[in-house]
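One-letter residues, chain by chain:
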Amino acid sequence: MAHTIKLTNYNSRLISVTNIKDTTFYRITENNSFPESLRANYALLIKSPIKGEFPEGFGSYLYFESSKPVLVEGVNSFVLADDFDYLATDDVIRFTSNLNLRVIYRRNVSPNYFMVTEQCNSFCLMCSQPPKVVNDLHLVEEYLDVIPLLHRDTPEIGISGGEPTILGQKFVELLERLYSYLPRTSLHVLSNGKSFVDTGFIAEIAKTKHSDLMFGIPLYSHIEQRHDYIVQDKGAFNKTVEGILNLKQFNQKVELRCVIQKPNSGDLVNLAKFIARNLQFVDQVAFMGLEATGFAKSNIEELWVEPENYMKELEEAVWQLTKAHVKVKIFNHQLCLLPESLWRFSVQSISDWKTSYENECNICSKKAVCGGFFSTSDGKIPNGIKAL
Amino acid sequence: MALMKRFKSSDNFPVNSEYKLLPIRFTELDNERVVITNMVGEHIVVSQDSLNSLITRSKPLDDSLLAELYSKHIIYDGVSQLPLKLSGLKYRTKIARLKNFTALHMVVTTLRCDYTCHYCQVSRQNLSSDNSQFDMTVETADKVLNLIFKSPAKALKIEFQGGESLLNFDVIKHIVLNAEIRAETEGRNMQYVIATNLSPLNDEILEFCKLYRIYISTSLDGPFKLHNRNRPRPGNNGHQLTVAAIDKVKSHIGIDHISALMTTSGRSLDFSKEIIDEYIKNGLHAIFLRPLSPYGFAVTKGHINRYDTEKWLDFFKESLSYIIEVNKQGYPLIEQYSSLILTKILTARDLGYVDLQSPAGAMISGIIYNYDGDVYASDEARMQAEIGHTEFRLGNVNENTYEEIIGNEFMLDSIEKSFAISSPQCTDCAFLPYCGSDPVYHLATQNDVVGNKQLSGFCKKNIGIFKLLITLLEDSDLHTKRILKSWARY
């Protein structure tokens, strides 16, 4: 299985640098006869020594440490650790001024996630990506710059945070730019939905006319106060649900996301009923297992619930929603924990760079179709894992 | 270990005990319990005690009950607009069908019939009767079509009735073929139903029904003894013909294209199990338990069919319990009336069943055209006219315009008077969101379109069924609950 890396968080110190003429983005190519007029924006990835004449004019040249490269004078040349051997044509990278390499986009991974801000207006008990109070506008600026370099056939891009909509007009700009350069790419935005109480804001978003844009919005309980407790914000439930209504009024696609954790694990059926009554028009509902990382790891005693203890509840909730013609997906649950009636809802959802398996899994006949575990979910292996 | 210090504990997010009531109604379910509903039909069953505390605030309610009352929009915090918004949305969903106006158009193709059912509500005519006298003519049919297509509904359903509707198959063909052409140019969706005893069924009819995806609705009253006694036919072979024809429809048109209704005659009351078994035997997955309605000749003819509502409810209860048992044994069988009501109780939708609408479903949800071009507000209104009560005759297609018919003064007045929400007793009844107003019924039985609900069989029957279904949803085992919930159509 290929190891991949997370695009925004992974920094690797460059091993060797001759000189850096600029700090822009490069799209990677392995084709040394690439049209000369385009070469300046491309990094040539050199996996084996070049035969014949040296291809002039590329923005930079990437070598691997193990190939013992001979560097050419006067051009941007970088020697990469062999960890980067997964890099391939059409990936996009960036060198930062402090001599780090960041992989922004990978052609062979879907979805690619853009973490456009670390700021958030909620403070969820189980946040896997704890928010920061920082001015990080440069993050979104960087993505705005990089969008033109992405492959036009990119199937899906996820926009996450923090809370992406906190960026306001910049967020709209991001959607516009994505639609201009990647009109066929599905966009999935992870948002807490609170910003959508402002219909003017949605009107701006709707104006981008993106045909394949979905908002993934968490709804943890049918009980206002339980939802507010989980996101640590009084009034959040009302804002989020109103935001969902507003989005649907503007014909935007909405996915409801419910991370199952101890405080809400007994609410699933009633939440499903609430959705079937009040929000039947949402496009899908995702029930998600807890990823024990970030805040979830720190709060694990208060949050962890054994999946076997909520399976009956989950099954009934899924039945209820399916009956109401609401599409359901189950994320982050190993097949051996789910009753077979729920298998068809299960999605292999853990990003492959985060997926791991237990020893027991090696003899399991369902391993190939099972989502596995979060390698990031520090030692939290649920009860009841067994080979099927 | 608790939460990290940076987080607030759940105690900081208490369920708000300062609430205001949203518009609600409540009715006793049994000696201890009360049903509370909100204006869109969400319900909760609580003890008398809890109800008192809820209304008088004499004792604090526990958090889990409070939370449920909030999430079902029975109470709100008095500030947040969201519960009002959601309630409004649900209310609009419930009544969304009104903007389509009349979707169901029933056409009586003939009064002639080969059966001599003792509970028949219309003045059926013998086969030997003069066709020209009791059949709808092509000229009248054209006028009926004009009227049907005046209806603003995008989806139109034409249901052919009799007498025995198929005895005038030529007019059915004429209407379907012409409706198809008009539907094509006007962008309407058509659906056709033929209500028939199936005895005239032949290959030509089957082919035609298949081509136009026509639905067949027939009568099956139970095993052959009961069926043939309820529905006598010369030769005493009605049951045999019906059962054979059901099979033909299944294989030629499709299993989803046949449905059967049973009418509960006085003597049916003792045979609930046998009747249901007959449906299973014939591979039918839905049964509609129908009481005999007190219209037309059904009640004037014979006393055998005068049973009281109590008896009918006992029959219904016994039948339903057997149907649930059958489902548990692995044969899916829906009781249609329960399904209509469970949909009202459990979902945001309303299926628009004519008898359970307010404003009244008569004329608005469905309208009927008699063989002679007379237009009635409902099938029941036509039956009443058979015994001289022609109040709900709205006009005649040969004499009146659509506007004159739909604008019939007596009808409009009856609709306005009979809104359940403003009818005495209905206005205070928890079951109002599930029920309807039936001016035709109440005029027939009490000579008043509103009616005194204390004396109303309609009221007694429906409240009995509402209470039965809600009690089952509360008190049954999980399997039974799952079966009942699965009958709701979202």
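Within each chain, residue numbers correspond to sequence positions counted from 1 in written order. Chain A is the first chain written and ligand 1 is the first ligand written, with later ones labelled in order. In view of the model being predicted, local features appear only for residues whose pLDDT reaches at least 70, and side-chain atom pairs are presented and counted only at 80 or more, with totals across whole chains, interfaces and linings using the full set of residues. Working from all heavy atoms in the structure, the side-chain values ignore hydrogens and water.

Regarding the interface of chain A and chain B
Next, step 1: Residue-level contacts link 34 residues of chain A with 37 residues of chain B.
Next, step 2: Take the accessible area each of two parts loses on contact, using a 1.4 Å probe, and add the two losses: that sum is the buried area. When chain A packs against chain B, the two sides together hide about 3300 Å² of surface, and 59% of this comes from carbon and sulfur.
Next, step 3: Looking at the side of chain A facing chain B, the largest losses of area belong to Gln 225, Arg 277 and Trp 319 of chain A, adding up to 22% of the total buried there.
Next, step 4: Salt bridge, as used here: a side-chain nitrogen of Lys or Arg that lies within 4 Å of a carboxyl oxygen of Asp or Glu. Across the contact surface, chain A and chain B share 3 salt bridges.
Next, step 5: Glu 242 of chain A is the partner of Lys 85 of chain B in a salt bridge, and the nearest nitrogen-oxygen pair spans 2.7 Å.
Next, step 6: Polar contacts here mean pairs of N or O atoms no more than 3.5 Å apart (in protein, one a potential hydrogen donor and the other a potential acceptor; neighbouring residues in sequence count only if both atoms are side-chain atoms). Across the chain A-chain B interface, the total number found is 14 residue pairs in polar contact (both at pLDDT 80 or more).
Next, step 7: Of all the secondary structure elements, the ones that give two or more residues to the side of chain A that touches chain B are α4 (224-231), α5 (236-249), α6 (268-278), α7 (295-298), α8 (300-303) and α9 (307-323) of chain A.
Next, step 8: Three categories are distinguished: nonpolar for Ala, Val, Leu, Ile, Met, Phe, Trp, Tyr, Cys and Pro, charged for Asp, Glu, Lys and Arg, and polar for the others, with Gly belonging to the last. Residues of the side of chain A that touches chain B, tallied by class, amount to 14 nonpolar, 10 polar and 10 charged. Note on contacts: a residue pair is in contact if any heavy atoms of the two residues lie within 4.5 Å. Helix numbers and strand numbers start at the N terminus; a helix is a DSSP run of H or I with at least 4 residues, a strand a run of E with at least 2.

Here's the deal with the UniProt feature "domain: Radical SAM core" (unreviewed entry) in chain A
Next, step 1: The positions that UniProt labels "domain: Radical SAM core" (unreviewed entry) are, in the present scheme, residues 106-324 of chain A.
Next, step 2: The annotated region residues 106-324 of chain A carries 41% helix and 15% strand content, and the separation between its end C-alpha atoms amounts to 38 Å. UniProt positions are given in the numbering used here, feature names are shortened, and annotations may be inferred rather than shown by experiment.

Some points on the pattern of salt bridges
Next, step 1: Counting across every chain of the model gives 35 salt bridges over all chains.
Next, step 2: A salt bridge links Lys 47 of chain A to Glu 30 of chain A; the shortest N-O distance between them is 3.6 Å. Of the two residues, Lys 47 of chain A sits in the loop between β4 (42-46) and β5 (60-64) while Glu 30 of chain A sits in the loop between β3 (25-29) and β4, which places them 17 residues apart along the sequence.
Next, step 3: Accessibility here uses a 1.4 Å probe with only protein chains present; expressed as a share of the type maximum, an area under 20% marks a residue as buried, one over 50% as exposed, and anything in between as partly exposed. Residue Lys 47 of chain A is classed as partly exposed on the basis of its relative accessible area of 41%.
Next, step 4: Residue Glu 30 of chain A is classed as partly exposed on the basis of its relative accessible area, which comes to 34%.
Next, step 5: Across the pair Arg 382 of chain B and Asp 379 of chain B runs a salt bridge, and its minimum N-O distance is 2.9 Å. Of this pair, Arg 382 of chain B and Asp 379 of chain B are both found in helix α14 (residues 379-386), 3 residues apart, which corresponds to roughly one turn of the helix. For the pair Arg 382 of chain B and Asp 379 of chain B, one class covers both residues: buried.
Next, step 6: Here the salt bridges share partners, and the residues they tie into one network are Arg 94, Arg 102 and Glu 142 of chain A.

A closer look at a negative patch on the surface
All names here are of chain A.
Next, step 1: On the surface, Glu 65, Asp 82, Asp 83 and Asp 85 cluster together into a patch of negative charge.
Next, step 2: Here Asp 85 is to be found in the loop between β6 (77-80) and β7 (92-95).
Next, step 3: For Asp 85, a relative accessible area of 51% translates into the label exposed. Patches here: salt-bridge-free residues with over 30% relative accessible area, like charges joined within 9 Å, nonpolar side chains (Val, Leu, Ile, Met, Phe, Trp, Tyr) joined within 5 Å. Reported accessibility uses the Shrake-Rupley method at a 1.4 Å probe radius. Residues are deemed covered only where the shown protein chains occlude them. His is not counted here, nor are the chain ends, while Lys and Arg score as positive and Asp and Glu score as negative. Working definition for charges: the position is that of NZ of Lys, CZ of Arg, CG of Asp or CD of Glu.

Examining unusual backbone geometry
Next, step 1: With omega at -5 degrees, the peptide bond leading from Ser 110 of chain A into Pro 111 of chain A counts as cis.
Next, step 2: Following the sequence through the fold, Pro 111 of chain A ends up in the loop between β8 (100-105) and β9 (112-115).
Next, step 3: Here Gly 161 of chain A and Gly 162 of chain A are connected by a cis peptide whose omega angle stands at 15 degrees.
Next, step 4: Within the secondary structure layout, Gly 162 of chain A lies in the loop between β10 (156-160) and α2 (169-181).
Next, step 5: At Phe 101 of chain B, a position not held by glycine, the phi torsion is positive, near 55 degrees.

A short note on the sheet that holds strand β11 (residues 186-190) of chain A
Backbone-to-backbone hydrogen bonds pair the strands of a sheet. The strands run either parallel or antiparallel.
Residue and element names in this part refer to chain A.
Next, step 1: By the convention used here, strands pair only if DSSP detects at least 2 bridges between them. The sheet built from 8 strands is open, its strands ordered β9-β10-β11-β12-β13-β14-β15-β16 with parallel pairing. Since the sheet does not close on itself, it has two edges, and those belong to β9 and β16 (346-347), each with one partner.
Next, step 2: Taken together, the 4 bridges between β9 and β10 define a ladder with parallel strand orientation. Residue pairing in the sheet places Tyr 113 in a bridge with Gly 158 of β10.
Next, step 3: For every element, the axis is a line fit to its C-alpha atoms; helices are fit only across the contacting stretch, and the angle between N-to-C directions ranges from 0 to 180 degrees. Together, β9, β10, β11 and β12 (213-218) form the strand contacts of α2, whose direction differs from that of β10 by roughly 175 degrees.

What to know about the packing of helix α12 (residues 309-328) of chain B against helix α18 (residues 457-475) of chain B
Residue and element names in this part refer to chain B.
Next, step 1: Close contact between α12 and α18 brings their axes to 10 Å; oriented N to C, the two are set at 30 degrees. The angle between α12 and α18 places the two elements in the roughly parallel class. Handedness of the crossing formed by α12 with α18: right-handed. Residues Thr 309, Glu 310, Trp 312, Leu 313, Phe 316, Lys 317, Leu 320 and Ile 324 of α12 lie in contact with α18, whose contacting residues are Gly 457, Lys 460, Lys 461, Gly 464, Ile 465, Leu 468, Leu 469 and Leu 472. Every angle not falling under 35 degrees, over 145, or within 65 to 115 is termed oblique; those three ranges are roughly parallel, roughly antiparallel and roughly perpendicular. For a crossing to be left-handed, the near helix must be turned anticlockwise from the far one by less than a right angle; the clockwise case is right-handed.

Structural notes on the sheet that holds strand β12 (residues 334-335) of chain B
All names here are of chain B.
Next, step 1: Sheet architecture is open: 10 strands sit in the order β12-β11-β10-β9-β8-β7-β6-β13-β14-β15, paired in mixed fashion. Of all strands in the sheet, those with a lone pairing partner are β12 and β15 (393-396), marking the two edges.
Next, step 2: One ladder, built from 6 bridges, connects strand β7 (residues 155-161) with strand β8 (residues 189-195); its direction is parallel. Its bridge partner lying in β8, Ile 158 is registered against Tyr 192.

Some remarks on the nonpolar core
Next, step 1: In plain words, nonpolar cores are sets of buried Ala, Val, Leu, Ile, Met, Phe, Trp, Tyr and Cys residues tied together by side-chain atoms within 4.5 Å. Counting residues in hydrophobic clusters, the biggest one holds 201 residues, and the most contacted among them are Leu 279, Phe 287 and Leu 314 of chain A.
Next, step 2: If you tally residues by element for this core, the top one is α12 of chain B, at 9 residues.
Next, step 3: Bear in mind that the domain bounds are from an automatic or database domain assignment. Two domains each put at least three residues into this core: domain 1 (19-94) and domain 2 (101-307) of chain B.
Next, step 4: Ignoring anything within four residues of it in the chain, the contact list for Leu 314 of chain A reads Ile 260, Leu 268, Phe 287, Ile 330, Leu 338 and Leu 342 of chain A.
Next, step 5: With 23 residues, the next largest nonpolar core counts Cys 124, Ile 230 and Met 288 of chain A together with Phe 7 of chain B among its residues.

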